[in-house]
Amino acid sequence: MLVGPEPAWDAPLRLLGGLHALVLTGRASWDDVDAALERHADFLTRAVAERPVQTNEVQRCWVLLPCFLELARRGGFTQLDLVELGPSAGLNLMWDRYRYVYSAGEWGPADAVLELRGEERRPAPAELLEVPVRVGRRIGIDLAPVDVTTDEGAVLLKSFVWADQHHRIELLDRAMGTLRENPPELIRGDVAEELPKVLAWRREEALTVVWQTAVLGYVSDTDRGRVYEALEAAGEEGPLGWISAGASGREPEHEWALKLRLWPGGEQSLLAYADYHGAWLEWVA
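A brief structural summary. Sequence positions are assigned chain by chain, starting from 1 and proceeding in written order. Only residues with pLDDT of 70 or above have their local features reported here, since the model is predicted, and side-chain atom pairs are shown and tallied only from 80 upward, although totals for entire chains, interfaces and linings are computed over all residues. Side-chain figures throughout are based on the complete set of non-hydrogen atoms in the structure, without hydrogens or water.

**Examining the nonpolar core**
This is how it is decided: Nonpolar cores were defined as sets of buried Ala, Val, Leu, Ile, Met, Phe, Trp, Tyr and Cys residues, with membership established by side-chain atoms within 4.5 Å. Each residue is assigned to one of three classes by its accessible area relative to the maximum for its type, calculated with a 1.4 Å probe on protein chains only: buried under 20%, partly exposed between the two thresholds, exposed over 50%. Each helix is a run of DSSP H or I of at least 4 residues and each strand a run of E of at least 2, with the numbering of both proceeding from the N terminus. It only takes one pair of heavy atoms within 4.5 Å for two residues to be counted as in contact.
Counting residues in each nonpolar core, the largest one holds 57 residues, and the members touching the most others are Leu91, Trp95, Tyr98 and Tyr100. With ten residues, helix α4 (residues 60-75) is the largest single contributor of residues to this core. With residues near it in sequence (within four places) discarded, Tyr100 still touches Cys61, Trp62, Leu65, Trp95, Gly105, Glu106, Trp107 and Leu116.

Shown next as structure tokens:
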């Protein structure tokens, strides 16, 4: 049995990811799944046991960009150093190298190979899109980061996108091409353990911005508390920004609330509501 006698909750995702990897590498076809299951049983068994589900939804950058710009505006910084918790391959650490389209205007390099747009249920203000920022350091902390500068890493990431979602795969290909030009630094490790070390090496001339979209929902209460403690401690020592996606508290609960904290002070502000995958944005700040 490919998924074992007591399969984990994500075993079906791992199995489908393994099948997609076989198709992407030309070893199987969706037209004959039964043959793939039989012919590649050993590979698929290992895939279920050893290949953790890894996604890197770059469309989320479209809802995150106004948050980064608002943080830079409030903090009075034009230089940002980035720290993402749970970055997977780090594609969202490259957000300043993509082009963005909103109803109030555009932002980002005109020659970017990746352009992002979505539905604005309440638009981001035009003046926010005029905020200039330059990114310095790009650091991600992940238990199992994916190196998409390799063919194996690229296939792994693409394999966990539904095979019929061609637009998402195209965005992924373009984002991976951008990352390969100058990859971010990805640290393999526990976010609660590594974050204090990263924050100890902040630059005075830049605002360090830490963010997460989904990873804190997968760590223990203890480790989540350690992350918040690290942020508070670092915020007492100097300017620091934090952006987090969490439960909105609205009905129906199929959305995120995007919230900001800025030290000194550390007060929390609600910036926007957004789709989990970045398809729509409702700016409320």
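**A closer look at the environment of Gln212**
Keep this limit in mind: Counted as a polar contact is a pair of N or O atoms within 3.5 Å, where, for protein atoms, one must be capable of donating a hydrogen and the other of accepting one, and residues adjacent in sequence contribute only when both atoms are in side chains.
Relative to the helices and strands, Gln212 is located in strand β8 (residues 207-212). For Gln212, a relative accessible area of 4% puts it in the buried group. Each C-alpha atom of the pair Gln212 and Arg180 lies 22 Å from the other, and the pair is 32 residues apart in sequence. Discounting chain neighbours no more than four positions away, the residues touching Gln212 are Leu85, Trp242, Ile243, Ser244 and Ala245. A polar side-chain atom of Gln212 sits 3.0 Å from the main-chain carbonyl oxygen of Ala245.

**Some words on the pattern of salt bridges**
Applicable threshold: We define a salt bridge as a side-chain nitrogen of Lys or Arg found within 4 Å of a carboxyl oxygen belonging to Asp or Glu.
Inspection of every chain in the model, using the stated rule, returns 20 salt bridges. Residue Glu194 pairs with Lys197 through a salt bridge whose shortest N-O separation is 3.6 Å. One end of the pair is Glu194 and the other is Lys197, both in helix α7 (residues 191-199) and three residues apart, which spans about a single turn. Judged by relative accessible area, which is 16%, Glu194 ranks as buried.

**Some details on the sheet that holds strand β3 (residues 105-107)**
As a reminder of what qualifies: The pairing criterion is simple: DSSP has to find at least two bridges between the two strands. Every axis corresponds to a line fitted to the C-alpha atoms, with the helix fit spanning only the stretch in contact, and the corresponding angles, defined between N-to-C directions, vary from 0 to 180 degrees.
One open sheet holds the three strands; their spatial order is β3-β2-β4, and the pairing between them is mixed. Strands with a single pairing partner mark the edges of an open sheet, and in this sheet they are β3 and β4 (115-117). Taking the axes of each pair of neighbouring strands and ignoring which way they run, one obtains an average angle of 20° across the sheet. As paired strands, strand β2 (residues 99-102) and β4 are joined by three bridges and run parallel to one another. Bridging from a neighbouring strand, Arg99 pairs with Glu115 of β4. Across the sheet, α4 is in contact with β2, β3 and β4; its angle to β2 comes to roughly 90°.

**Some words on a nonpolar patch on the surface**
What counts here: Residues enter patches when they are more than 30% accessible in relative terms and free of salt bridges; like-charged ones are connected within 9 Å and nonpolar ones (Val, Leu, Ile, Met, Phe, Trp, Tyr) within 5 Å. Every accessible area reported is derived by Shrake-Rupley at a probe size of 1.4 Å, with residue values counting cover from the shown protein chains alone.
A cluster of nonpolar residues, Trp9, Leu13, Leu16, Trp30, Val53, Trp162 and Tyr218, forms a patch on the protein surface that exposes about 780 Å² of accessible area. Position of Leu16 among the secondary structure elements: in helix α1 (residues 11-24). On the basis of relative accessibility, which here comes to 37%, the residue Leu16 falls in the partly exposed class.

**A word on the environment of Leu85**
Inspection of the secondary structure assignment puts Leu85 in strand β1 (residues 79-85). Along the backbone, Leu85 and Phe43 are 42 residues apart, and their C-alpha atoms lie at a distance of 30 Å. If we ignore the near neighbours within four places in the chain, the residues touching Leu85 are Ile141, Val191, Leu195, Val210, Trp211, Gln212, Val215, Val227 and Trp242.

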